[in-house]
Amino acid sequence: MRTTVGIIGGGPAGLLLARLLHRAGIDCVVLESRDRAYVERRQRAGILEQGTVDVLRACGASERLDREGLTHHGIELRFEGRAHRVDLPGATGGKSVTVYAQTEIVKDLIALQLADPAGPPLLFGAEALAIEKPDSAAPVVRFRHEGREQTLTCDFVAGCDGFHGIARRTVPADRIRTFERAYPYSWLGVLADVPPSCKELIYARHQRGFALHSMRSPRVSRLYLQVPNDTDTADWSDERIWDELATRFAVDGEWALERGPITATSLTPMRSFVQEPMRHGRLFLAGDAAHIVPPTGAKGLNLAVSDVVTLARALAHHHQTGSTELLDGYSATCLRRVWQAERFSYFMTETLHRRPDQSPFEDRLQLAQLDRIATSPTASAELAENYVGLPLS
Ligand SMILES: Cc1cc2nc3c(=O)[nH]c(=O)nc-3n(C[C@H](O)[C@H](O)[C@H](O)COP(=O)(O)OP(=O)(O)OC[C@H]3O[C@@H](n4cnc5c(N)ncnc54)[C@H](O)[C@@H]3O)c2cc1C
């Protein structure tokens, strides 16, 4: 097989890149190791920055998002029994975020790609095994599909295969630098068939640890609890989960947490990670293949989108003009935004979670930080501006 851009990974980054390239008249092939049902069911992100919504709209992938996405104009911070609402449009000149699950974006992009007879091939159950000669003019992706080993020769390879993929490990160790932080806690996440108990997301900082009340739709709640890294989810009965959530969300005045059947439970370790540069020869890394953020700032999916927008623009520029200028600048352009998201995600994580060895002094600093956001329009605007997303470069 031969194509212009070989895309490894059919997550949000790979699928959106394929759509953007197809619309720019550039052929590509997407290789996804899992089957379609698995990819469409994998529960992950749910908060879309304004820029992400704009990109999905511009590439014709927002029909259901426009109908079913929930626009949120604020988030609530809870600490010490207090509740403080951060007004997103008020602090950012009118910007907001949209709640629409990553599973739904993936379903929409897959359906669009498969419905178009001229659309780029999307192979499920196609596991990339190796990227050969990434720094040559014709890199080759070796992959296994339907029990056979095959090769895909490309002009460019896009490594959109997530944190555990092969793309980032293809780059020789002496050509990269990695930056990493592992946090001493994880998120126990639950999906529950119960209408959310709040109109907007609640981020709670409690002496017992962090809790987040999010949602997937007007009928489905998504909730998270900070737990130790070695947590066994079997130790958490539904009743224990609801009791702990109610304790951490407790606030002075009238408020009650609605309980309902829990339909899925997951454990997510918290990590910050960046691999630099995001390019090696004709291999370009995008999304989780190049960087990870802890989910507290809701930035992972949004960063994957901004990476592939930058990459698609650079490939289209090369296609039209033959110039490699934008491709040469790809890594530096993306990393500026990546590090801002890393900084914000770290800030949100460190401000809202309690480390097992946290001192009373650090407790007081966290509360002072939250009090500052609650009382200073400047501090509140700084949070809002980052939460709705910095401009795409
Ligand atoms: C458990 C969890 C919870 C999360 N929660 C949030 C959240 O609340 N908010 C938020 O903003 N972000 C969250 N994230 C992060 C967000 O989901 C990711 O940033 C986003 O999925 C990145 O998209 P991606 O396409 O780069 O990578 P992925 O979604 O990981 O997609 C990579 C794809 O590549 C495929 N693949 C891997 N290896 C190969 C191979 N060798 N050959 C072919 N295909 C391959 C995989 O099957 C996968 O489909 C979460 C992530 C995880 C893991």
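Residues numbered from 1 in each chain as written. Predicted model: local features only at pLDDT ≥ 70, side-chain atom pairs only at ≥ 80, totals over all residues. Heavy atoms only, no water.

Asker: With reference to specific residues and values, describe the overall build of the protein chain.
Answerer: In terms of helices and strands, the protein chain carries 12 helices and 19 strands. Across its three principal axes, the protein chain shows a C-alpha extent of roughly 65 × 40 × 40 Å. For the protein chain, the residues scored as buried account for 55% of the 393 residues in total. Across the protein chain, contacts joining residues at least 24 apart in sequence account for 70% of those joining residues at least 6 apart. (Helix = DSSP H or I, 4+ residues; strand = E, 2+ residues; numbered from the N terminus. Buried < 20%, exposed > 50% of the residue type's maximum accessible area, 1.4 Å probe, protein only. Contact = heavy atoms within 4.5 Å.)

Asker: Talk me through the environment of Glu325; I want residue IDs and the actual numbers.
Answerer: Secondary-structure assignment places Glu325 in helix H10 (residues 325-352). For the pair Glu325 and Ala314, spaced 11 residues apart in sequence, the C-alpha to C-alpha distance is 7.9 Å.

Asker: Got a sec to walk through the side chain of Gln113? Specific residues and values, please.
Answerer: Mapped onto the fold, Gln113 is located in helix H6 (residues 102-115). The exposure class of Gln113 is buried, given its relative accessible area of 8%. Looking at Gln113, its side chain comes within polar contact range of the main-chain oxygen of Pro120, at 2.9 Å. Residues within four places of Gln113 in sequence aside, it is in contact with Leu15, Ala18, Val30, Gly119, Pro120, Pro121 and Leu122. (Polar contact = N/O pair within 3.5 Å; in protein donor to acceptor, adjacent residues only side chain to side chain.)

Asker: Break down the site of the ligand for me, with residues and values.
Answerer: The local shell around the ligand holds 31 residues, among which Glu32, Arg42, Arg44, Gln102 and Asp288 are the closest. Burial of the ligand by the protein chains amounts to 87% of its free accessible area of 1000 Å². A per-class count over the shell around the ligand returns 13 nonpolar, 10 polar and eight charged. (Near = heavy atom within 4 Å. Areas by Shrake-Rupley, 256 points an atom, 1.4 Å probe, with all protein chains shown as cover. Nonpolar A, V, L, I, M, F, W, Y, C, P; charged D, E, K, R; others polar.)

Asker: Before we move on, can you summarise unusual backbone geometry with the specific residues and values?
Answerer: Along the chain, Glu276 connects to Pro277 via a cis peptide bond; the corresponding omega equals -10 degrees. If you trace the backbone, Pro277 turns up in the loop between strand E16 (262-276) and strand E17 (279-280). At Glu80, a residue that is not glycine, the phi angle is positive and equals roughly 50 degrees. Relative to the elements of secondary structure, Glu80 occurs in the loop between strand E5 (74-79) and strand E6 (82-87). Judged by its relative accessible area of 55%, Glu80 is exposed. Of note, the phi angle at Lys133 is positive, near 50 degrees, even though the residue is not glycine.

Asker: Pulling in residues and values, what's your account of the pattern of salt bridges?
Answerer: All chains considered together, the criterion is met by 28 salt bridges. We note a salt bridge from Arg78 to Glu76, for which the minimum N-O separation is 2.6 Å. By relative accessible area, Arg78 is classed as buried at 5%. Look at the salt bridges and you will find they share partners, linking Glu63, Arg64, Arg67, Glu68, Glu104, Lys107 and Asp108 into a network. (Salt bridge = Lys/Arg side-chain N within 4 Å of Asp/Glu carboxyl O.)

Treat this as a map of the structure, not an account of what it does.
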